[in-house]
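Listed below, chain by chain, are the residues.
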Amino acid sequence: MKEVKTPKKPLIYYYMIVLLVLLLFNSLVMPWFAQRQVQLVDYGTFVTMTEDKQVGLVEVQDNQILFTDLDNKVVYKTGRMDDPELLDRLEDSGAKYSREIIEEMSPLASFLIYWILPIVIFVGIGQFMNRKMMNKAGGNSMMFGMGKSNAKVYVKSSEGIHFSDVAGEDEAKENLAEIVDYLHDPAKYKKIGASMPKGVLLVGPPGTGKTMLAKAVAGEADVPFFSMSGSEFVEMFVGMGASKVRDLFRQAKEKAPCIVFIDEIDAIGKKRDSQLGGNDEREQTLNQLLTEMDGFEGNSGVIILAATNRPESLDPALTRPGRFDRRVPVELPDLKGREEILKVHARKIQTVDSIDFSQIARMASGASGAELANIVNEAALRAVRDNRTQVTQSDLEESIEVVIAGYQKKNAILTDQEKWTVAYHEIGHALVAAKQSHSAPVQKITIIPRTSGALGYTMQVDEGNKYLMTKEEIENKIATYTGGRAAEELAFGTISTGASNDIEQATKLARAMITRYGMSPDFDMVAMENVSGQYLGGDSSLSCSAQTQTEIDRQVVALVKSQHKKASDILAQNREKLDELARYLYEKETITGIEFMDILNR
Ligand code: ADP
Ligand code: ZN
């Protein structure tokens, strides 16, 4: 699809330019104009000219004398001297006295020339350029974008995105296929009296392909695609957003059937609150959107798709039946979905034949579609850097680490002691994970420093998808997080700052167990925390009394402590393996899960 973008600048920008032009015009151009007509000469010239009878008109003012030549073409000006013979001289020269050699402009005329003329010229130039751009952009541009929507028009073209380009997300595609079918053959639906939902809300974390899906619907149905981001509606001036909405829908109705896509709809669709000093502009825009959605019939052929990763913050008026009444979840891809997304993107690059995509997909657990696309691209870049023409399995594996942990830090120099510490720390994690039957086995351990600041890490692999975690599994996970620190204690009798991230993760899990999953002995199934923004990392806020908070803190500490103890015990029981593995890792710097298990089970 070819996107035609229109220039978009805030209105204030134009006001500033107009003002600037005015000032420049008045301070530079006008004085120059005025100066040109009057020539400044010295008194001697004046005297000579009168003696030679070369003066036409003369006007004697308080401190200057204006005079013209015989043809009245050039105006001269000279300062007035204390000259007693001035009058005689002028009498002799035959010059005529005049009162207004240079006509004073009337105030109106000067106002017109100094202030209105520049604006007229400026607007004229603007219009001219505008027309030129309109010709180029196919009539979709406005220099002064006042109240005009900047909805981009996607010109229909054969290279459009289709459902086959969006991998995984089968449920979402199934859901949207109905809309495609409707756009193909609305009559079928009209006959039976069914009307399509006017609005469909695509809900999910960032980078899961919501925009892509919307484009794919337009591509499959072969209809125009209007797209606009919610934040683009909210302008500096009250009322602009509303008029943009109006304009967008006017355009859309002309082009129906078509798709209108509003990205980040939460930017305008946030719950209106009763607080004073709310965002007037946003509310007006939202009201206009609601009005427009009510204004057209379900069968008019305009389908609005909107994307958000904060569905809970949307105004209920927006999600009620008749508006965005259909909600399509676009979740993070599962193992199979990740594999398919990798394959879709790998089609665009040159790879060797033997790539095991399911292995890569397994390593990239939790990655979104956008991250997977990024991983494939990173791999291609890596191949180019090494002067190869094809991407290999190890390129992909390395690029996962790049996307997760950053680039290898080539010249980070660890002291010998630091390197030993990191080796023991990482083996500690891996060993605790491996010894607890429920924990996923490790995929890879490395102690090469990364640009993200990690000095090493353990990549765990989950075989397949997990939707539920048992209490024991979470506890084991906490124990695994503490394993790094436990190994340091055991090996060196001292501790380092290397465990700060582990501490954070372990605390998060422990706290969630107690406040959200009802896994503490005392609180039963009472929620102590509210989670908001589940697609954006899940911020949470405590909702309990101060005493309970104290108790929660106490239980979190107790829980982490007991798991830390468990990890220490596991490592102590396997002390020889810990030393052996740590030495191996210290020497090799990177070991795979298979090597690790070999040594462990030897
Ligand atoms: P969102 O709108 O959900 O934030 P986008 O649709 O903009 O995400 O996706 C960003 C990029 O990620 C896409 O351009 C595409 O390259 C890649 N991507 C995301 N999801 C998928 C998917 N399911 N299949 C293929 N590519 C995907
Ligand atoms: Zn660690």
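**A few points about the overall build of the protein**
From N to C terminus, the protein includes 22 helices and 17 strands. The burial tally for the protein puts 44% of its 602 residues in the buried class. In the protein, the share of contacts with a sequence separation of at least 24, taken over all contacts with a separation of at least 6, comes to 73%. Accessible area of the protein: about 32000 Å², with a carbon and sulfur share of 54%.

**Re the packing of helix 5 (residues 170-184) against helix 7 (residues 210-221)**
With their axes 9 Å apart at the nearest point, helix 5 and helix 7 run at an angle of 35° to one another. Along this stretch, helix 5 crosses helix 7, giving a crossing that reads as right-handed. Residue-level inspection shows Ala172, Lys173, Leu176, Ile179, Val180, Leu183 and His184 of helix 5 in contact with helix 7, the latter providing Leu213, Val217, Glu220 and Ala221. Residues of the contact of helix 5 with helix 7, tallied by class, amount to eight nonpolar, one polar and two charged.

**As for a nonpolar patch on the surface**
Together, Leu108, Phe111, Leu112, Ile113, Trp115, Ile116, Leu117, Val120, Ile121, Ile125, Phe128 and Met129 give the surface a local cluster of nonpolar side chains, amounting to about 1100 Å² of exposed area. One can find Met129 in helix 4 (residues 107-137).

**Some details on the site of ligand 1**
The immediate surroundings of ligand 1 are formed by 16 residues, with Ala167, Gly207, Lys210, Thr211 and His345 found nearest. Take Met212: an N or O atom from its main chain is 3.0 Å from an oxygen atom of ligand 1. Elements with a contribution of two residues or more to the shell around ligand 1: helix 7, helix 13 (335-346) and helix 15 (369-385). Looking at the shell around ligand 1 residue by residue, the class counts come to seven nonpolar, six polar and three charged.

**Some details on the coordination of the zinc ion (ligand 2)**
Coordination of the zinc ion (ligand 2) by the protein involves His425 (NE2), His429 (NE2), Asp502 (OD) and Asp502 (OD), with metal-donor separations of 2.0 to 2.7 Å. Geometry at the zinc ion (ligand 2) is irregular, judged from its four donor atoms and the angles of 53 to 145° they form at the metal. Sequence spacing among the residues donating to the zinc ion (ligand 2) works out to H-x3-H-x72-D. Residue His425 and its partner His429 are located together in helix 17 (residues 416-435), separated by four residues, close to a single helical turn. Classification of His429 as buried rests on a relative accessible area of 7%.

**Some points on the nonpolar core**
By size, the foremost hydrophobic cluster in this structure holds 27 residues, and its most contacted members are Leu176, Ile259 and Leu305. Phe226, Val260, Leu290 and Ala317 belong to the second-largest nonpolar core, a separate cluster that totals 26 residues.

**Topic: the confidence of the model for the protein**
In this model, the protein carries a mean pLDDT of 80, and residues with pLDDT of at least 70 account for 83%. Averaged pLDDT values for the elements of the protein fall to 41 in strand 1 (residues 2-4) and rise to 93 in helix 20 (residues 546-573). Counted against residues more than four places away or in other chains, residues 134-147, with its pLDDT under 50, gives 28 contacts. Note that residues 154-158 has pLDDT below 50 and, in this model, 15 contacts with residues that lie over four places away or in other chains.

**Some remarks on the packing of aromatic side chains**
Under the defined criterion, the tally for this structure stands at eight aromatic pairs. Residues Tyr43 and Phe46 carry aromatic rings whose centres are separated by 5.4 Å and whose planes lie at 55° to one another, so their mutual orientation is tilted. Of the two residues, Tyr43 and Phe46 both sit in helix 2 (residues 43-51), three residues apart, roughly one turn of that helix. In this pair, the class of Tyr43 matches that of Phe46, namely buried. Linked through ring pairs, Tyr43, Phe46, Phe67 and Tyr76 together constitute an aromatic cluster. Cation over ring: Lys419 sits above Tyr586, and NZ or CZ is 4.7 Å from the ring centre.

**Here we look at the pairing of strand 10 (residues 258-263)**
Most of strand 10 sits inside the fold, with five of its six residues counted as buried. Of the pairings in the sheet, the one linking strand 9 (residues 225-229) to strand 10 comprises five bridges and is parallel in character. Along strand 10, the bridge assignment pairs Met228 with Ile262. As defined by bridge partners, strand 10 adjoins strand 11 (residues 302-308) across five bridges and the pair is classed as parallel. Residue Cys258 lies in a different strand from strand 11, and its bridge partner there is Val302.

**Quick word on the sheet that holds strand 14 (residues 457-460)**
Spatially, three strands are ordered 14-13-17 in an open sheet, and the strand pairing comes out antiparallel. At either end of the open sheet lies a strand with only one pairing partner, and these are strand 14 and strand 17 (590-592). Ignoring strand direction, the axes of neighbouring strands in this sheet form an average angle of 10°. Bridging between strand 13 (residues 442-446) and strand 17 involves three bridges; their strand directions are antiparallel. Each bridged residue has a counterpart across the sheet, and for Ile445 the counterpart in strand 17 is Ile591.

**Focus on helix 7**
Under the 1.5 Å per step criterion, the end-to-end length of helix 7 is 17 Å for twelve residues, consistent within 8% with the ideal 16 Å. Counted residue by residue, helix 7 has nine buried out of twelve residues, so it is predominantly covered. What helix 7 keeps buried is the set Lys210, Leu213, Ala214, Lys215, Ala216, Val217, Ala218, Gly219 and Ala221.

**A few points about the pattern of salt bridges**
Inspection of every chain in the model, using the stated rule, returns 21 salt bridges. Measuring nitrogen to oxygen at the nearest pair gives 2.6 Å for the salt bridge that ties Asp294 to Arg323. Pair noted here: Asp294 is in helix 11 (residues 280-295) and Arg323 is in the loop between helix 12 (316-319) and strand 12 (326-329), with a separation of 29 residues, a long-range link. With relative accessibility at 36%, the residue Asp294 sits in the partly exposed group. Judged by relative accessible area, Arg323 falls into the buried class, the value being 8%. Close ionic contact of Lys565 with Asp569 constitutes a salt bridge, the shortest N to O distance being 3.0 Å. Taken as a pair, Lys565 and Asp569 lie in helix 20 at a separation of four residues, close to a single helical turn. One salt-bridge network, held together by shared partners, links Arg382, Asp386, Arg388 and Asp395.

**Structural notes on the environment of Leu66**
Turning to its location among the elements, Leu66 is positioned in strand 4 (residues 64-69). Residues Leu66 and Gly79, spaced 13 residues apart in sequence, show a C-alpha to C-alpha distance of 8.8 Å.

Definitions and cut-offs
Residues numbered from 1 in each chain as written. Chains lettered and ligands numbered in written order. Predicted model: local features only at pLDDT ≥ 70, side-chain atom pairs only at ≥ 80, totals over all residues. Heavy atoms only, no water. Helix = DSSP H or I, 4+ residues; strand = E, 2+ residues; numbered from the N terminus. Buried < 20%, exposed > 50% of the residue type's maximum accessible area, 1.4 Å probe, protein only. Contact = heavy atoms within 4.5 Å. Areas by Shrake-Rupley, 256 points an atom, 1.4 Å probe, with all protein chains shown as cover. Axes fitted to C-alpha atoms, helices over the stretch in contact; angles between N-to-C directions. Left-handed = near helix turned anticlockwise from the far one by under 90°. Nonpolar A, V, L, I, M, F, W, Y, C, P; charged D, E, K, R; others polar. Patch = residues over 30% accessible without salt bridge, like charges linked within 9 Å, V, L, I, M, F, W, Y side chains within 5 Å. Salt bridge = Lys/Arg side-chain N within 4 Å of Asp/Glu carboxyl O. Near = heavy atom within 4 Å. Polar contact = N/O pair within 3.5 Å; in protein donor to acceptor, adjacent residues only side chain to side chain. Donors = N, O, S within 2.8 Å, 3.2 Å for Na, K, Ca; no water. Tetrahedral: all angles 85-135°; square planar, octahedral: opposite > 155°, others 65-115°. Core = buried A, V, L, I, M, F, W, Y, C linked by side-chain atoms within 4.5 Å. pLDDT = per-residue confidence, 0-100. Phe/Tyr/Trp six-rings, centres within 6.5 Å; stacked < 30°, edge-to-face > 60°. Lys NZ or Arg CZ within 6 Å of the ring centre and 35° of its normal. Pairing = 2+ DSSP bridges. Expected span 1.5 Å × (residues − 1).

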